[in-house]
Amino acid sequence: MIKLIVLDVDGCLTDGKIIYGSDGSEIKAFDVKDGLAIASWLKLGHHVAIITGRKSAIVTRRAEELGIKFLYQDIKNKAEVLREILLKLEIEPYEVAAIGDDLNDYGMLRFVGRSFTPKNGVETIQEIVNTTLTKDGGNGAVREMIDIIISENDQKEAFLSLWSEE
């Protein structure tokens, strides 16, 4: 059973575009469906980590909004950071799913039990992951990944019950 999902930001949670305003501000767009799936995953008692190669106040804000406790930015070796998280949570690599889209995700994706890339992930990453999703990064890819994991974890009823009126 997957207990932890690990998310890359640029190209997975976002479409990979970084927009700079003339005042030096940075703009990123996040998909609300990804956010709802992440919040639901956490409500099921599982864990989420963001491990990203860049540093951005926008990512900090999004992680806080969603209740993500494991946030690591400006990371060069994502697999090394992931190993530290696994020690803290006392879980094994086979209990982890990760999504990444480019070469800086390679080691992390090879380390986990279940690996995903968005439809527009680079070819080298598509060759090594378990699943290439049908959605592009920033356009519901993380939601698609979580839906797959929920199904494989046999937790669809529990997932849906979070939002039922019963």
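Residues numbered from 1 in each chain as written. Predicted model: local features only at pLDDT ≥ 70, side-chain atom pairs only at ≥ 80, totals over all residues. Heavy atoms only, no water.

Caption draft 1: Examining the pairing of strand 7 (residues 114-117) more closely. Alternating residues of strand 7 divide into Arg114 and Phe116 and Ser115 and Thr117, and every residue in both groups is buried. For strand 6 (residues 96-99) and strand 7, the ladder comprises 3 bridges, and the chain directions are parallel. By the bridge assignment, Ala97 is partnered in strand 7 with Arg114. For the segment spanning strand 6, helix 5 (residues 106-111) and strand 7, crossover handedness is right-handed. In this structure, strand 7 lies alongside strand 8 (residues 131-132), joined through 2 bridges in parallel fashion. For Phe116, the partnering residue across the bridge sits in strand 8 and is Thr131. (Buried < 20%, exposed > 50% of the residue type's maximum accessible area, 1.4 Å probe, protein only. Helix = DSSP H or I, 4+ residues; strand = E, 2+ residues; numbered from the N terminus. Pairing = 2+ DSSP bridges. Right-handed = clockwise from strand over helix to strand, strands pointing away.)

Caption draft 2: Here's a closer look at empty space enclosed by the protein. In this structure the tally under the stated criterion is 1 cavity of 30 Å³ or more. Roughly 40 Å³ of volume is contained in the largest cavity. Lining of the largest cavity is provided by Leu13, Phe30, Asp31, Asp34, Gly35, Ile38, Ile50, Arg62 and Leu66. Listed by contribution, the elements that provide at least two residues to the lining of the largest cavity are helix 2 (32-43) and helix 3 (57-66). If one sorts the elements of the lining of the largest cavity by residue count, helix 2 sits on top with 3 residues. (1 Å grid on protein atoms, 1.4 Å probe; cavity = no way out; pocket = protein on both sides within 12 Å on 5 of 7 lines; lining within 4 Å. Points joined across faces, edges and corners; volume = space filled by probe spheres on them.)

Caption draft 3: Just the sheet that holds strand 4 (residues 47-51), in detail. With parallel pairing, the 6 strands of this open sheet are ordered in space as 5-4-1-6-7-8. The strands lining the two open edges of the sheet, one partner per strand, are strand 5 (70-72) and strand 8. Helix 2 contacts strand 1 (4-7) and strand 4 of the sheet and is inclined by roughly 135 degrees relative to strand 4. (Contact = heavy atoms within 4.5 Å. Axes fitted to C-alpha atoms, helices over the stretch in contact; angles between N-to-C directions.)

Caption draft 4: Spatial organisation of the environment of Asp34. Relative to the helices and strands, Asp34 resides in helix 2. For the pair Asp34 and Ile68, spaced 34 residues apart in sequence, the C-alpha separation works out to 13 Å. When neighbours within four sequence positions are excluded, Asp34 is seen to be in contact with Cys12, Leu13, Gly140, Ala141, Val142 and Arg143. There is a polar contact of 2.8 Å between the side chain of Asp34 and the backbone nitrogen of Arg143. (Polar contact = N/O pair within 3.5 Å; in protein donor to acceptor, adjacent residues only side chain to side chain.)

Caption draft 5: Expanded view of the packing of helix 2 against helix 7 (residues 141-152). Axis separation between helix 2 and helix 7 bottoms out at 7 Å; the angle between their running directions is 35 degrees. When you trace helix 2 past helix 7, the crossing you get is left-handed. Residues Lys33, Asp34, Leu36, Ala37, Ile38 and Trp41 of helix 2 form the contact with helix 7, whose own contacting residues are Ala141, Val142, Arg143, Ile146, Ile149 and Ile150. Broken down by class, the residue content of the contact of helix 2 with helix 7 amounts to 9 nonpolar, no polar and 3 charged. (Left-handed = near helix turned anticlockwise from the far one by under 90°. Nonpolar A, V, L, I, M, F, W, Y, C, P; charged D, E, K, R; others polar.)

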